[in-house]
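Residue-level listing of the chains:
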Amino acid sequence: MTQEIIITGFGGQGVLSMGKILAYAGLLDGLEVSWMPSYGPEQRGGTANVTVILSDEPISSPVLDQYDIAVILNQQSLDKFESHVKPGGTLIYDPYGIHRLPERTDIKVVEVKATETTIASGNLKAYNMILLGALLKLYPMVSPDTVIKGLEKTLPQRHHHLIPMNRAAIEQGATLVD
Amino acid sequence: MKGNEAIAHAAIRYGVDGYFGYPITPQSEVLETLEELRPWETTGMVVLQSESEVAAINMVYGGASTGKAVMTSSSSPGVSLMQEGISYIAAGQLPTLIINVMRGGPGLGTIQPSQSDYFQAVKGGGHGDYRLIVLAPASVQDMADYVGLGFDLAFKYRTPAMLLSDGIVGQMMEKVVLPPFRPRRTDAEIAKQCPWAVTGKRGRKERNVSTTLELESRTMEENNRRLQAVYDEIERNEVRFEQYMTDDADYLFVAFGCMSRICKKSIEQARSRGIKVGLLRPITLWPFPTGAIADLSKRVKGILVAEMNAGQMVEDVRLAAEGRTPVAHFGRNGGIVPNPGEVVESLVSQFSIKE
Amino acid sequence: MTKEEILARGGSKVNARPSLLLDATMHYCPGCSHGVVHKLVAEVIEELGMTDSAIGIAPVGCAVFAYNYIDIDWIEAAHGRAPAVATAAARLNPDAMVFTYQGDGDLAAIGTCETIHACNRGENITIIFINNGIYGMTGGQMAPTTLEGMKTSTTPYGRRADLNGYPLNITNLVKELDGTCYVTRQTVHTPAAVRKAKAAIRQAFINTREKRGTSFVEIVSTCNSGWKMSPADANKWMEEHMFAKYPPGEIKNTVKDQK
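Basis of the calculations
- Residues numbered from 1 in each chain as written.
- Chains lettered and ligands numbered in written order.
- Predicted model: local features only at pLDDT ≥ 70, side-chain atom pairs only at ≥ 80, totals over all residues.
- Heavy atoms only, no water.
- Helix = DSSP H or I, 4+ residues; strand = E, 2+ residues; numbered from the N terminus.
- Buried < 20%, exposed > 50% of the residue type's maximum accessible area, 1.4 Å probe, protein only.
- Contact = heavy atoms within 4.5 Å.
- Areas by Shrake-Rupley, 256 points an atom, 1.4 Å probe, with all protein chains shown as cover.
- Lys, Arg positive; Asp, Glu negative; His and termini not counted.
- Charge placed at Lys NZ, Arg CZ, Asp CG, Glu CD.
- Salt bridge = Lys/Arg side-chain N within 4 Å of Asp/Glu carboxyl O.
- Polar contact = N/O pair within 3.5 Å; in protein donor to acceptor, adjacent residues only side chain to side chain.
- Pairing = 2+ DSSP bridges.
- Buried area = accessible area lost by both parts, 1.4 Å probe.
- Nonpolar A, V, L, I, M, F, W, Y, C, P; charged D, E, K, R; others polar.

Asker: What should I look at first to understand the overall build of chain B in this one?
Answerer: Looking only at helices and strands, chain B has 14 helices and 14 strands in total. Going through the 355 residues of chain B one by one, you find that 63% of them count as buried. Of the contacts made within chain B by residues no fewer than 6 positions apart, 78% connect residues no fewer than 24 positions apart. When the accessible surface of chain B is summed, it comes to about 12,900 Å², and 49% of that surface belongs to carbon and sulfur atoms. Where the 38 positive side-chain charges of chain B centre and where its 41 negative ones centre are 4 Å apart.

Now the structure itself:
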């Protein structure tokens, strides 16, 4: 199994940390993982993206031009990365702020209303975990339990009270897709 | 963890005595991680944010003169500033580790990854006839492992070593097994291992002086010959490289660092199209794996040197191939990271491969 | 004054060679202040029992060969970088007494950044600063401390503030830094001045041993070759001109130490 994933959107949407949480869960499940961010001024509100690879074999290039899954969170990213999804791959997008919908027919396109759900939930910090919940429902490459275990290991103790909220967000995200 | 973080952890675990550095993207996590880990409270390692890269490399010179294991890290523009100091360190035969997490230039350039400091690293960089042992990590694991390897080689030959990394390997996260902890050397061990160390005389009869100045030309030529003899020995003993799918290869990629990883993916793509390509990845950029490339040049139809620069290592590959097989170059620069498909297309078009 | 009276007042015999001063022919010009300061450094290290712990950092400039004259461990630094070299040597060897010995070009031009930052961090080092207002080794060019109107090979008509800027009083600058514990300006042109300079160097080395921060000892010096004067005239010229801009005396002392 190899999953080559790109998550891309605005800086500040939690793109990099969503990728990090996913990669860390893969690590806990004994998979080979790589996490390659765009870095620099992107962190300050431009577009940010991260390539995450999970595999049961050693990973060659951490940089890719074709992805099994693209999680796309703004229009610029959709314009840039729609053509880079492998035929038969999956494009997950948040329709908020999207004015030109994905057009490809040789891939699976999944809409996840993550922004809308986040606003309704009243917890703006849950956004990327809602997306992660949806992604893992579609592709259970790691289990939500492992994700929570990873959070327990990596979050400083003072933030552990946030873990139940994160678990709820993952569960909520899973309800947004079939 | 990130490659840059792995360097910090590995340095503490190796028993490094001192780190001196100045922040610059994309390697600031090295200093940040060390400050976070506070090794001065555990191993006694000194960590200092200097006022400039110039000061940092001269701190390294000063610390290394006392026999301690000291290191610095920076990125391209900062490493340019360090070149004078590196020349002094090489001339003084001081074991040190210098890390360059390369970004694109010239000038202030970009903070995005690049491999355009190859010439600077392997051909000298500063003034005078000297060499650095140059190791090219391609993974986070390599970043952790080569800290120890770099210091081991530096102390073995009394010469500075460099890790020539880049923004990808520095910033990416991967699984890593950190080396085991070992204690820092005691003063007595340092005195035994480095009888030349400037520590204060401490009962020694003869004083130790760390200097690179010699106005007598004949003596200076002798000093140069001594350095060259060390370099010859390093070239004989320390060439390191990795071969990947070269056994049946019709074509060969030569690539180092992150680019070798990208080429492995390119090999997967090319082979799925029936093009048999292999990879030679130099681990030591100096000493360069000239012999291995020469051998392979006798049996492949062409070599593509893939680098994130305008064509630097390709010169050394051409020298190794000596015209036995065509050597082409593929490069992107300015911080553009090529994707595996581009490399395959370059191979196919430059060698007119019919599928 | 008899020899006994001099010794009773804590002075040393003028002609004795300190045992740490190596029997090498100095390359300094006759009349140069470096020789005297070298002797004082050697005497103080010996008297304080620091022969085994002292590490000297030599500059680039006339004193580049300081390591050939005093029998202790030395590191010869790149031009201007002695305070950075000393920083690491001191931090990595807390038992050592680390000092730099630098001229005005090394310390106040190319190495200003390292000087200011080492002082500001309060590194446990002593900086001995020879200020003679000229580049001696390279043949008498303008130094940052060259006085206005002073002729050098690169200011052949005299230094002009509008062309060359003002003389840099770096000692007054480092006085303002929280990291310095002791800042003083001395000279070595008379026996009395030599004794005072020796006491200052002694105080500085004690501060370094006791880890009190950075000690900074400026020695306003002559360069009779560079100034194109006889040694005696150079001393007179220094008193008349250099002292106006660089008056000798204690500038800052946060620790009053007894012998």
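Asker: Even after reading the chapter, I still don't get the interface of chain B and chain A, so can you show me in this structure?
Answerer: Many authors give the size of an interface as the accessible area that is lost as the parts come together. The partner chain A presents 22 residues to the 23 residues of chain B that form the contact. For Glu-32 of chain A, the salt bridge is made with Lys-175 of chain B, and the minimal N-O distance between the two is 3.7 Å. At the boundary of chain B and chain A, one finds six residue pairs in polar contact (both at pLDDT 80 or more). The greatest single-element share of the side of chain B that touches chain A, amounting to five residues, is contributed by helix α11 (residues 258–272) of chain B. The pairing of strand β2 (residues 32–37) of chain A with strand β7 (residues 173–174) of chain B spans two bridges and is antiparallel. What sits directly across from Ser-34 of chain A, in β7 of chain B, is Glu-174 of chain B.

Asker: Explanation requested: the pattern of salt bridges in the structure shown.
Answerer: A side chain of one charge can pair with a side chain of the opposite charge when the charged atoms of the two come close. By the definition in use, this model includes 45 salt bridges over all chains. Glu-345 of chain B is paired through a salt bridge with Arg-273 of chain B; the nearest N and O atoms lie 2.9 Å apart. With Glu-345 of chain B in helix α14 (residues 340–350) and Arg-273 of chain B in the loop between α11 and β11 (277–282), this residue pair connects regions lying 72 residues apart in the sequence. Under the relative-accessibility criterion, Glu-345 of chain B is labelled partly exposed at 41%. Since its relative accessible area comes to 32%, Arg-273 of chain B is described here as partly exposed. Through salt bridges with shared partners, a single ionic network connects Glu-4, Asp-68 and Lys-86 of chain A together with Lys-265 and Glu-268 of chain B.

Asker: I would appreciate a short explanation of the environment of Glu-242 of chain B in the present structure.
Answerer: Residues and elements named next belong to chain B. As for its placement among the helices and strands, Glu-242 is situated in strand β9 (residues 241–244). Once residues within four sequence positions are removed from consideration, Glu-242 is found in contact with Lys-264, Leu-279, Leu-280, Arg-281 and Ile-283. Among the polar contacts made by the side chain of Glu-242, one reaches the side chain of Lys-264 at a distance of 2.7 Å.

Asker: Explanation requested: the interface of chain C and chain B in the structure shown.
Answerer: Facing the 35 residues of chain C at the interface are 35 residues of chain B. With both sides pooled, the region where chain C packs onto chain B buries about 2,800 Å², and carbon together with sulfur makes up 59% of that total. Considering only the side of chain C, the residues that lose the most area to chain B are Asp-52, Asp-73 and Leu-92 of chain C, jointly responsible for 23% of the buried surface there. Linking chain C with chain B are three salt bridges. Here Asp-73 of chain C makes a salt bridge to Arg-204 of chain B, at a shortest N to O gap of 2.7 Å. At the level of elements, β1 (54–58), β2 (73–76), α3 (82–92) and α5 (112–121) of chain C are the ones that each hand at least two residues to the side of chain C that touches chain B. Top element by residues in the side of chain C that touches chain B is α3 of chain C. It accounts for seven residues. Residues of the side of chain C that touches chain B, tallied by class, amount to 19 nonpolar, seven polar and nine charged. As judged from the two bridges shared by strand β8 (residues 209–210) of chain B and β2 of chain C, these two strands associate in the parallel manner. Its bridge partner being in β2 of chain C, Ser-210 of chain B is matched across the sheet by Ile-75 of chain C.

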